[in-house]
Structures are given as C-alpha cells and as structure tokens.
Number of protein chains: 2
Amino acid sequence: MYEYPEPIERLVEALLKLPTVGPKTASRLAFHLLKAPLEDVEDLSRALNELRSRMRSCERCGNYSDQPECSVCRDPRRDPALLCVVGEARDIAALERTGEFRGRYHVLGGLISPMDGIGPDQLAITSLFERLETEPLEELILATNPTVSGEATALYLQRLLVARPQLKVTRLAQGLPMGADLEYADELTLGRALQGRSRIS
Amino acid sequence: MYEYPEPIERLVEALLKLPTVGPKTASRLAFHLLKAPLEDVEDLSRALNELRSRMRSCERCGNYSDQPECSVCRDPRRDPALLCVVGEARDIAALERTGEFRGRYHVLGGLISPMDGIGPDQLAITSLFERLETEPLEELILATNPTVSGEATALYLQRLLVARPQLKVTRLAQGLPMGADLEYADELTLGRALQGRSRIS
C-alpha cells in the first residue's frame with residue numbers, strides 16, 4: 001500500500017478528524033495546500049493555533065469572546081430587560097443574523113440529555129438565576145432547540161421560574177418554516193403550526 | 001451585522017480559501033474546532049505548519065517527498081526499465097493505489113495549456129530526456145489525463161520520442177469505466193471504447 005510522505009500523511013490524519021471530511025476530501029485538501037500560496041497555509045495554521053489560546057467564554061453570558069465580556073454584553077444599546085437563553089454559544093450567531101433581537105443572551109452550555117449524562121447540574125443555571133437577581137430583567141426567552149433535549153431543558157427552567165410570576169417567560173414560535181410545503185410537512189411540525197395559529201383579521 | 005470574535009473570524013476566513021468550503025461549512029468547522037480536543041487542533045496547526053517546510057520535490061522524478069529522493073525512486077525492487085510520465089505529483093498516489101505498476105515515475109509538473117500560458121518550456125521535459133540518457137529505460141507510459149491538455153502533452157512528447165525507435169511508448173487505455181452503463185456513457189468515451197475494443201476469443 002502506497003503511503004504519502006509523512007508530512008502529507010500527518011496532515012491527512014489531522015484533517016480526517018474534522019466533521020464531514022472523509023479520506024478523499026482529506027487528500028484533496030492536503031494536495032491543494034501543497035500548491036496553495038504559502039501565506040494562506042501559514043494563515044490557517046496560525047488561526048488554528050490562536051483560536052484556542054485567545055478564545056474564552058464571556059464572564060457574563062458564556063458567549064465566545066476574546067475579551068472578558070463578549071461584544072453583545074459590552075454593547076450599551078442592548079435592552080437590559082430582555083434575556084434570551086440558548087443551549088450553545090453558536091446559537092447566538094444564528095439569532096444575531098436575524099437582526100430581530102435587541103436584548104442579551106445566556107448560554108447554558110448544553111441541553112438536558114440523560115442519555116448523554118447531561119443533567120441540570122452540568123448547565124449554567126446557577127449563573128442564570130444570579131443574573132435574575134442582579135439584572136433588571138423583564139422577559140426571559142427560552143430559545144432552546146425544538147428537540148426532545150431542548151424541550152426538556154425549557155420545561156425544567158419553566159418550572160424553576162414559576163416562583164417568579166413577575167417575570168415574563170416566552171418560547172420561540174414553532175410552526176412551518178418559510179418556503180415549506182404543507183403536503184410534505186411532518187405531522188409534529190404541522191400539529192404545532194395548528195396549535196400556534198394566529199388570527200389575521 | 002453580527003461578527004464573531006476576531007479569532008473565529010480569522011479562522012473562518014482562512015478556511016474559506018479551501019476548495020469546496022463555503023461560509024456555512026467554514027463556521028461549522030470553526031465551531032467544531034472550538035469544542036474539539038485541544039490536542040487535535042494543535043496537531044492540525046502543526047501539520048499545516050510542517051507541510052510546506054518539510055515537503056520538497058524528489059530530485060529524480062518530481063514526486064512529493066520529505067527526503068532528497070522519494071520512496072518510489074529509493075525502492076530497489078522497482079523495475080528500472082519502466083517509466084510512467086504523469087502531469088502532477090498527486091497522480092502518482094492514484095496509480096500506486098492500483099497496485100498494478102512496478103516501475104518508476106516522472107512528474108511533468110503540469111500539462112500543456114496555451115490558455116493558461118503553460119507551454120512545454122514550463123514542464124519537466126529536459127529532465128525527462130536526461131533520464132532517457134542515463135537510465136536503462138525500455139518503456140515510457142504517457143499517463144497524462146485523457147483531456148485536451150493531457151492529449152496535447154502526450155502528442156508533444158510522442159513527437160519528440162519518434163527519434164528513439166528503440167523505446168516503447170504507450171498510453172493508458174481509454175474506454176468505459178468499471179460499473180458504467182452504456183446507455184449513459186458520453187459519445188467520446190463510448191467512441192474510444194469501440195476503437196480500443198479487444199478480442200476475447
């Protein structure tokens with residue numbers, strides 16, 4: 001069996017650990033990088049090296065940041081009464097891209113999933129309740145995924161929050177995605193769309 | 001518009017320069033690397049860094065190597081009478097994987113392509129003819145791609161080699177790929193398959 005020279009083999013092996021990268025893609029990328037401008041390869045190597053040494057979690061909300069507080073928490077134009085609770089820091093980017101949200105975030109760092117051994121104790125729930133004490137919050141949006149784990153996590157938080165009737169607790173709307181076709185929608189989504197129907201006149 | 005923290009932005013930008021990687025794949029990879037074992041990220045960074053500093057071209061054939069001569073040229077079991085001429089060093093890996101070839105290689109470093117400004121002078125043809133003088137070669141396999149550039153390059157070499165009637169010059173067979181369906185084969189491939197038909201009884 002032919003082996004590439006060791007530097008190529010090592011790069012292929014490292015690339016194989018990336019999601020969706022199989023043996024063919026890994027060697028195609030390696031051969032591309034052998035011919036690419038040297039500067040591009042050095043940039044990629046340096047960016048990887050600095051990613052983990054420079055990135056940290058925002059001390060307030062848990063978002064990715066290269067400073068003690070993330071850009072959202074530092075932004076004084078953000079509404080301090082509005083807090084959106086998400087499972088993972090990467091969910092923040094998706095919500096920010098909508099341009100619809102002007103509050104701040106709280107990252108739980110996961111979702112309750114007994115199968116994976118993740119219970120409420122592994123999530124940033126204590127720090128969430130500390131924020132409820134110290135920040136002038138009026139609405140808490142439970143923006144966990146519409147999945148079994150996300151629903152379980154939202155339900156768990158909802159029960160803890162019953163003790164604070166003055167706080168408005170909301171959940172993202174569920175229904176048909178834009179561009180969907182009724183005929184091909186799954187029953188669960190269509191059922192939620194029916195339950196959540198809104199009056200238009 | 002929400003921007004990721006700078007270390008993530010820089011990694012995403014560097015990943016976007018890879019082939020087949022678009023904005024969605026780049027951010028998915030970046031977020032994966034933020035959570036992956038630190039060792040894996042360091043390995044990838046180091047492999048990228050060493051790829052270009054440790055890799056060189058084999059002095060004899062132009063194959064990728066981390067030593068003055070590549071593993072194929074160093075291998076004493078290779079038939080010194082058989083030489084396979086390829087366009088790019090990465091073609092060697094494909095041929096080696098067949099396990100069918102026991103000779104050595106010569107990498108041209110490209111194919112004749114006037115549109116891209118690549119003429120015979122840019123290819124490793126002088127060194128090929130030097131090898132014809134110094135090595136006991138009996139057969140030269142012109143294994144350039146079955147494309148316009150590959151055919152033009154093979155034709156160019158074939159004409160130069162007319163002056164050496166004692167040397168056997170061959171070309172890879174063209175025809176239907178394994179598993180192909182006659183109904184869907186393109187006319188050119190099917191035409192070549194007809195021309196190259198072989199007697200079975």
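Owing to the predicted nature of the structure, the values given are computational and were not obtained by experimental measurement.

**Remarks on the sheet that holds strand E6 (residues 168-171) of chain B**
Residues and elements named next belong to chain B.
Item 1. Across the sheet, 4 strands lie side by side as E4-E3-E5-E6; this open sheet has parallel pairing. Among the strands making up the open sheet, the edge pair consists of strand E4 (104-107) and E6. Each adjacent strand pair in this sheet contributes to an overall mean axis angle of 25 degrees, direction not counted.
Item 2. The pairing of strand E5 (residues 139-142) with E6 spans 4 bridges and is classified as parallel. Counted as the bridge partner of Ile141 is Thr170 from E6.

**Topic: the interface of chain A and chain B**
Item 1. Across the contact, 52 residues belong to chain A and 52 residues belong to chain B.
Item 2. Carbon and sulfur atoms supply 66% of the area that chain A and chain B bury against each other, a total of about 5,100 Å² over both sides.
Item 3. For the pair chain A and chain B, the number of links is 8 salt bridges.
Item 4. The partner of Glu88 of chain A in a salt bridge is Lys35 of chain B, and the shortest N-O contact between them spans 2.9 Å.
Item 5. Summed over the shared surface of chain A and chain B, the result is 17 residue pairs in polar contact (both at pLDDT 80 or more).
Item 6. Counting residues per element, the ones that place at least two in the side of chain A that touches chain B are helix H1 (6-16), helix H2 (23-35), helix H3 (38-54), strand E2 (64-65), helix H4 (71-74) and helix H5 (90-98) of chain A.
Item 7. Broken down by element, the side of chain A that touches chain B gets its largest block of residues, 14 residues, from H3 of chain A.

**Some points on the side chain of Asn63 of chain B**
Item 1. Relative to the helices and strands, Asn63 of chain B is located in the loop between strand E1 (56-57) and strand E2 (64-65).
Item 2. Note on Asn63 of chain B: relative accessible area 2%, which makes it buried.
Item 3. Among all residues touching Asn63 of chain B, those that are not within four sequence positions of it are Tyr2 of chain A together with Arg56, Ser57, Cys58, Cys70, Val72, Ala89, Ile92 and Val107 of chain B.

**Re the state of the cysteines**
Item 1. Considering all chains together, one arrives at 0 disulfides over all chains under this definition.
Item 2. No disulfide involves Cys73 of chain A; its sulfur sits 3.7 Å from that of Cys61 of chain A, the nearest cysteine.

**Some details on the relation of the copies chain A and chain B**
Item 1. The two copies are related by a screw motion: chain A maps onto chain B through a turn of 180 degrees and a shift of 0.1 Å along the axis, at an RMSD of 0.1 Å. When the rotation and shift are considered jointly, the pair of chain copies conforms to a two-fold rotation axis. Considering only C-alpha atoms, the residue of chain A closest to the rotation axis is Ser45 of chain A, which sits at 2.2 Å.
Item 2. Interface overlap between copies is the fraction of interface residues in one copy that are interface residues in the other; for chain A against chain B it reaches 100%, indicating a shared surface.

What counts as what
- Residues numbered from 1 in each chain as written.
- Chains lettered and ligands numbered in written order.
- Predicted model: local features only at pLDDT ≥ 70, side-chain atom pairs only at ≥ 80, totals over all residues.
- Heavy atoms only, no water.
- Pairing = 2+ DSSP bridges.
- Helix = DSSP H or I, 4+ residues; strand = E, 2+ residues; numbered from the N terminus.
- Axes fitted to C-alpha atoms, helices over the stretch in contact; angles between N-to-C directions.
- Contact = heavy atoms within 4.5 Å.
- Buried area = accessible area lost by both parts, 1.4 Å probe.
- Salt bridge = Lys/Arg side-chain N within 4 Å of Asp/Glu carboxyl O.
- Polar contact = N/O pair within 3.5 Å; in protein donor to acceptor, adjacent residues only side chain to side chain.
- Buried < 20%, exposed > 50% of the residue type's maximum accessible area, 1.4 Å probe, protein only.
- Disulfide = S-S within 2.5 Å.
- Least-squares fit on C-alpha atoms with pLDDT ≥ 70 in both.

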